[in-house]
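One letter stands for each residue in the lines below.
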Amino acid sequence: MAKAEDKEEKNAKKGGNGLVKILVLVIVVLVLVGGGVAGGIYAMNTGMLGSKGEHGESYDAPKLVPKSEEKRAGGDEGGHGGGGGGGHAGAPLGAGGDKYASSYYQMDKEFTSNLKDSVHFIQVGLAVSTPYDSRVIDGLKTHEIAVRSAILLALGDATEEQMFTADGKRLLQANLVKAINAVLKQKEGFGGISNVYFTNFVVQ
């Protein structure tokens, strides 16, 4: 009788141990799956797995344009003949300089703003450049009103002393790039403006 009871007790323990192992295995699988899903969601939200639109939808971000695809003023079709220009004969057009092409866009109207803590004001004409495809300039045109507002705020933060030095003007350029890209990132999910150029600059 004792042997039969011992056998039943061992079987009960084995059954209990098996149930514990299955339960632990299920928990481990759930943790791994849950961690993978959470990691995937985090990666998508932070842009690691593709860019996001304003409402969370995925889209293709603008692509860098290689120098070899740059659109040049006057066209270069038929430019393989002899020419009096410098450089090595047969050298590729994009040799040297920037690795990527630059697209430029001149903003239509000039900007006028008071300078910070000054009775003087600044009037500037601006153009921007991007090494990315046309979607960056398209986004800039689409949201030009918001971009103009951000530019005017940045100009209003400039001081009179800054406007009379080259370093101050370069700092203003950097601030304008940040301001424009901040608007584009908010509206389009991508900045892409690499530089701002002054086409007119007057302080009065």
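Residues numbered from 1 in each chain as written. Predicted model: local features only at pLDDT ≥ 70, side-chain atom pairs only at ≥ 80, totals over all residues. Heavy atoms only, no water.

Let's talk about the pattern of salt bridges
Right, so step 1: Throughout the structure, instances matching the rule amount to two salt bridges.
Right, so step 2: With a closest N to O distance of 2.7 Å, Arg170 and Asp167 form a salt bridge. Linking Arg170 with Asp167, this pair stays in helix α4 (residues 166-188), spanning three residues, or about one helical turn.
Right, so step 3: Classification of Asp167 by relative accessible area gives exposed; the value is 57%. (Salt bridge = Lys/Arg side-chain N within 4 Å of Asp/Glu carboxyl O. Helix = DSSP H or I, 4+ residues; strand = E, 2+ residues; numbered from the N terminus. Buried < 20%, exposed > 50% of the residue type's maximum accessible area, 1.4 Å probe, protein only.)

Some words on the layout of surface pockets
Right, so step 1: Empty space within the second largest pocket amounts to approximately 190 Å³.
Right, so step 2: Lining the second largest pocket are Val65, Glu69, Glu70, Lys71, Ala101, Ser102, Ser103, Asp133, Ser134, Ile137 and Asp138.
Right, so step 3: Of the residues assigned to the lining of the second largest pocket, the class counts are three nonpolar, three polar and five charged. (1 Å grid on protein atoms, 1.4 Å probe; cavity = no way out; pocket = protein on both sides within 12 Å on 5 of 7 lines; lining within 4 Å. Points joined across faces, edges and corners; volume = space filled by probe spheres on them. Nonpolar A, V, L, I, M, F, W, Y, C, P; charged D, E, K, R; others polar.)

Re the packing of aromatic side chains
Right, so step 1: Per the counting criterion, the structure on display carries three aromatic pairs.
Right, so step 2: Measuring from centroid to centroid gives 4.9 Å for Phe198 and Phe201, while their planes differ by 80°, and the two rings are edge-to-face.
Right, so step 3: Using a relative accessible area of 24% as the deciding quantity, one classes Phe198 as partly exposed.
Right, so step 4: Between the NZ or CZ atom of Arg148 and the centre of the ring of Phe111, over which it lies, the distance is 4.0 Å.
Right, so step 5: Cation over ring: Lys169 sits above Phe201, and NZ or CZ is 4.8 Å from the ring centre. (Phe/Tyr/Trp six-rings, centres within 6.5 Å; stacked < 30°, edge-to-face > 60°. Lys NZ or Arg CZ within 6 Å of the ring centre and 35° of its normal.)

Topic: the confidence of the model for the protein chain
Right, so step 1: Looking at the protein chain as a whole, its pLDDT mean stands at 79, while 68% of the residues score no less than 70.
Right, so step 2: Contacts for the low-pLDDT stretch residues 44-58, under 50 throughout, to residues beyond four places or in other chains number 19 contacts.
Right, so step 3: When the criterion is pLDDT under 50, residues 77-91 qualifies, and its contacts beyond four places in sequence or with other chains add up to zero contacts. (pLDDT = per-residue confidence, 0-100. Contact = heavy atoms within 4.5 Å.)

Some thoughts on the nonpolar core
Right, so step 1: Judged by nonpolar contacts, the single largest core of 27 residues is most densely connected at Val128, Val147, Ile151, Leu155, Leu176 and Ile180.
Right, so step 2: Put simply, the parts of the chain that give this core at least two residues each are β5 (121-130), α2 (135-142), α3 (144-156) and α4.
Right, so step 3: The dominant element in this core, judged by the number of residues it contributes, is α4, at seven residues.
Right, so step 4: Once you skip the residues sitting within four places of it in the chain, Val147 turns out to touch Met107, Leu140, Ile180, Val183 and Leu184. (Core = buried A, V, L, I, M, F, W, Y, C linked by side-chain atoms within 4.5 Å.)

Some points on the packing of α2 against α4
Right, so step 1: It is at 10 Å that the axes of α2 and α4 come closest, and there the two elements cross at 90°. Compared by their axis directions, α2 and α4 come out roughly perpendicular. Facing Val136, Gly139 and Leu140 of α2, the residues of α4 in contact are Ile180, Leu184 and Glu188. (Axes fitted to C-alpha atoms, helices over the stretch in contact; angles between N-to-C directions. Parallel < 35°, antiparallel > 145°, perpendicular 65-115°, else oblique.)

Some points on a nonpolar patch on the surface
Right, so step 1: Judged by side-chain polarity, Val20, Val24, Val28 and Leu32 come together as a nonpolar surface patch covering roughly 370 Å² of accessible area.
Right, so step 2: Along the polypeptide, Val28 turns up in helix α1 (residues 2-45).
Right, so step 3: Among the residues examined, Val28 registers a relative accessible area of 42% and is labelled partly exposed. (Patch = residues over 30% accessible without salt bridge, like charges linked within 9 Å, V, L, I, M, F, W, Y side chains within 5 Å. Areas by Shrake-Rupley, 256 points an atom, 1.4 Å probe, with all protein chains shown as cover.)

Some points on unusual backbone geometry
Right, so step 1: Even without a glycine there, the phi angle at Asp117 is positive, about 50°.
Right, so step 2: Mapping Asp117 onto the fold places it in the loop between β4 (111-114) and β5.
Right, so step 3: Looking at Asp117, the relative accessible area reads 81%, which means it is exposed.

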